[in-house]
Amino acid sequence: MEKAKIKSTQLFVLIVLFEMGSALVVGIGTDAKQDAWITVLLGLAGGICLFLIYAKLFLYYPDVPLTSYIQKITGKFIGRILGFLYVIYFMYLSARVLRDFGELLTTTIYSSTPLLIINALMVLTIVYAVYKGFEVIARVGELYFALVYCIALLGFMLIMFSGLVHMENLRPILENGWMPILKITLGQTLNFPFGEMNVFTMLLPYLNEPKKVKRVCIGGMILSGLNITIATVINIASLGVPLFERSPFPLLSTVSKISLANFIERLDVFFMLYLMVGGFFKITLFFYAAVIGTSDLFGLKDYKKICFPMGLIILFASLSIASNYAEHIKEGIIIVPIFLHWPFQIIVPVGLLIIAFFRNRKKQLIN
Amino acid sequence: MKMFLALFLLLFSILPVLSGCWNQKELTDLAFVMALGVDKGKNHRFDVAFQIVNPGNVSAGQGQGGGGLPIAVYKSSGDTLTEAARNAALKVSRRLYYAHCNLLVIGEKLAKEGILDIFDALERDPGFRTTTEIVIARDSTAEELVTTLTILDKLPVSKVTKELQTSEDMLGETLKVNIDDFITSLVSKGKQPLITGYSVIGDKKIADNSQNLQITTTKAFLSANGIGLFRKGKLIGWINGYKARGAVWVLNKVSGTDVNIDWNGKKNAINVTPLRSRTKVSAKIKNGKPMINVVIKEESIISEINTNADISNPNEIAKIEKKVGKVIKSQVIEVIKEAQNKKCDIFGFGEKVHLANPKLWKRIQNNWDEQFSETKVFVTVKPYQRRSGVRRNPFWNELKQ
């Protein structure tokens, strides 16, 4: 851990940027057709419940990150193994998001540039940010939060004024009942993006007012959740269900439909700007958590030394985790939630909380 | 010195990354495709005509640029659209660039055989915009359409796209349909796509000749001509004139048009022009069978009276309203009947049934074409006569005294 302290507003901003990150880009819950927005809201509710677990754990051990208190809770040996697995989990996720980001750019505008080059440039920026420390990342977050909201508001108004939104596309609501929606919520939206809040178990100790943690984090989750819901509703309303399902990047399709007075059109660059910012923060936070976790587990005094080598690992992992985009998405929807998200986001934290509860009660009884 | 060297090395190593010239395309190396004409091919499946803008001859520089033709058309063929586009490289010196393509023209022959094979290429390509509008070259080939030169608008493409817009606003007998719209209604089980037809009228032989630009009444010109009905991606028929307008009316796309009514025993004596119109289509289920309600509300002004009439009397206005309503209703009913005869639900009634009763829809959706032809459709028109221009009663009233 480095010596850094961030304000609660900075944490709030980081959470919003992180949660919206790639969720807005790839579009979530598309399998639920016109009810995708319901799965987002349900996912948000579930995500808040999950976060309460993480917050409780944090309040038991407010000064150390997950990789440290996991050792205090389960003992040194098991704790270290679990901590190490968490580090790998965070690294894998940052590589995943990096791949998402690179795939999008190569399919849309940089159609003949190799993925390696685009990802390498992004990794360089991220390694630099992490090298500079968490306070810097938080400050950059504040800056870009304003930018993202300006773009989002402008984009929202342009979509409205172009007359793209046809609310009847959202009907009939609940055509196939609740079952498929619950399935998609538990398998997809709960874990991505809301369950990914577990990366903040590594970052919460930096908050200068630990008491505010619940208010700030849940506030940030709700704001980003509502933003994603609005974006999903607009996507469905302006694309219609079939096109919404066929688009790998629904928001891009929506934005490229904007046409106002025959000269404000082809605004894909808005989306690209957002993508850079959102992708940057999501990858950076995952990467930072992985770096801090490693230095914490192996007792390194200065985490900065491992930034660059770990950046290289992520870069090559992002290229090798899948051989094509279809494989990448299939893994993300089928394998990752069951074998990675559920254990790391839900099962392990719940187990930790139960053990921590009994340990701390024992302590209190002794005192 | 060491510091300086390190800095120099760093800057130098960043240089190739920052230049952003991975696959740069200079403007002078690009050929901007403005319109794409796809025909049934002779040797291959498709004959494709690329209408390319000739930038030097379009710019509005005074005196200059008037010399040559504003467009150049290249032809190529292939069994798929992409193959045809790549084959074009044999003939075009520049790289074809599609981001500014505004119009897709499909030949009638190809349309009759089915056009499903061309749409995925257009939708999938990241450079091609799905907001590109589609028209069918009626009674002619797509190639003839994209080679025709036009006056007033230097670029034939902007003539067609502007005209689609204007005639939707002023006349209501054409529809702007872009690639997204087409595919959306294509995959929908409760709606069939429509595409406006365009024809080259006049002497087709000189349509692509600069002579055509030297006369005020051009010998060959482009004109919108009816709306084509599609089923399963195949053109199955045309609706023309006021029937086309009826269809546009049901689709809630009419903003301006005109209606003639008889008055005082004189035919087409009064003309009114609707200003605003709003159509609501809803479905009801009765005895397990869907029924469709079409309600058209329109506001209009009187634009012409060629007989004596007392329009200062609100009762007379009410009578005019009633007659206008009847005329519109008959036009709409006629097109609905025609669509029902052809078993082609161009109005999206099926989608309304889907909204009204998803369960029933699941049962009947695969048989909707049949069901549609037997579905009862009720049309209600609510016309409102608002104003009558800058005169009260017409001069005819004084003539007859």
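Rules of the game
Residues numbered from 1 in each chain as written. Chains lettered and ligands numbered in written order. Predicted model: local features only at pLDDT ≥ 70, side-chain atom pairs only at ≥ 80, totals over all residues. Heavy atoms only, no water. Patch = residues over 30% accessible without salt bridge, like charges linked within 9 Å, V, L, I, M, F, W, Y side chains within 5 Å. Areas by Shrake-Rupley, 256 points an atom, 1.4 Å probe, with all protein chains shown as cover. Salt bridge = Lys/Arg side-chain N within 4 Å of Asp/Glu carboxyl O. Helix = DSSP H or I, 4+ residues; strand = E, 2+ residues; numbered from the N terminus. Buried < 20%, exposed > 50% of the residue type's maximum accessible area, 1.4 Å probe, protein only. Contact = heavy atoms within 4.5 Å. Buried area = accessible area lost by both parts, 1.4 Å probe. Pairing = 2+ DSSP bridges. Axes fitted to C-alpha atoms, helices over the stretch in contact; angles between N-to-C directions. Parallel < 35°, antiparallel > 145°, perpendicular 65-115°, else oblique. Left-handed = near helix turned anticlockwise from the far one by under 90°. Nonpolar A, V, L, I, M, F, W, Y, C, P; charged D, E, K, R; others polar. Expected span 1.5 Å × (residues − 1). Arc of directions from axis to C-beta.

A. Representation of a nonpolar patch on the surface in the model. All names here are of chain A. Together, Phe77, Ile78, Ile81, Phe84, Leu85, Ile88, Phe298 and Leu300 make up a nonpolar patch on the protein surface, roughly 770 Å² of accessible area in all. Following the sequence through the fold, Phe298 ends up in the loop between helix 11 (268-297) and helix 12 (307-320). A relative accessible area of 53% means that Phe298 is categorised as exposed.

B. Local environment of the interface of chain B and chain A. Facing the 18 residues of chain B at the interface are 20 residues of chain A. Of the roughly 1,700 Å² buried between chain B and chain A on both sides combined, carbon and sulfur atoms contribute 52%. Our count for the chain B to chain A interface comes out at three salt bridges. Of the charged contacts in the structure, one is a salt bridge between Glu123 of chain B and Arg246 of chain A, with a shortest N-O distance of 2.6 Å.

C. Summary view of the sheet that holds strand 10 (residues 259-263) of chain B. Residue and element names in this part refer to chain B. The mixed open sheet is built from four strands, whose spatial order is 10-11-12-13. Every other strand in the sheet has two partners, leaving strand 10 and strand 13 (376-387) as the edge strands with one partner each. Taking each pair of neighbouring strands and ignoring which way they run, the sheet shows an average axis angle of 35 degrees. Pairing of strand 11 (residues 266-286) with strand 12 (residues 289-305) involves 16 bridges; the strand directions are antiparallel.

D. Main features of the packing of helix 4 (residues 76-108) of chain A against helix 11 of chain A. Residue and element names in this part refer to chain A. Packing of helix 4 against helix 11 leaves a shortest axis separation of 9 Å and a crossing angle of 160 degrees. Our classification of the angle between helix 4 and helix 11 gives roughly antiparallel. Every pair of crossing elements has a handedness; the one defined by helix 4 and helix 11 is left-handed. Its residues placed into classes, the contact of helix 4 with helix 11 shows 20 nonpolar, five polar and two charged.

E. Just helix 12 of chain A, in detail. Residue and element names in this part refer to chain A. The terminal C-alpha atoms of helix 12 lie 20 Å apart, and with 14 residues this matches the ideal 20 Å at 1.5 Å per residue to within 8%. The set of residues buried in helix 12 consists of Cys307, Met310, Gly311, Ile314, Leu315 and Ser318. Seen end-on, helix 12 carries its buried residues on one side only, within an arc spanning 145 degrees. Looking at the buried side of helix 12, the elements it contacts are helix 4, helix 5 (115-132) and helix 11.

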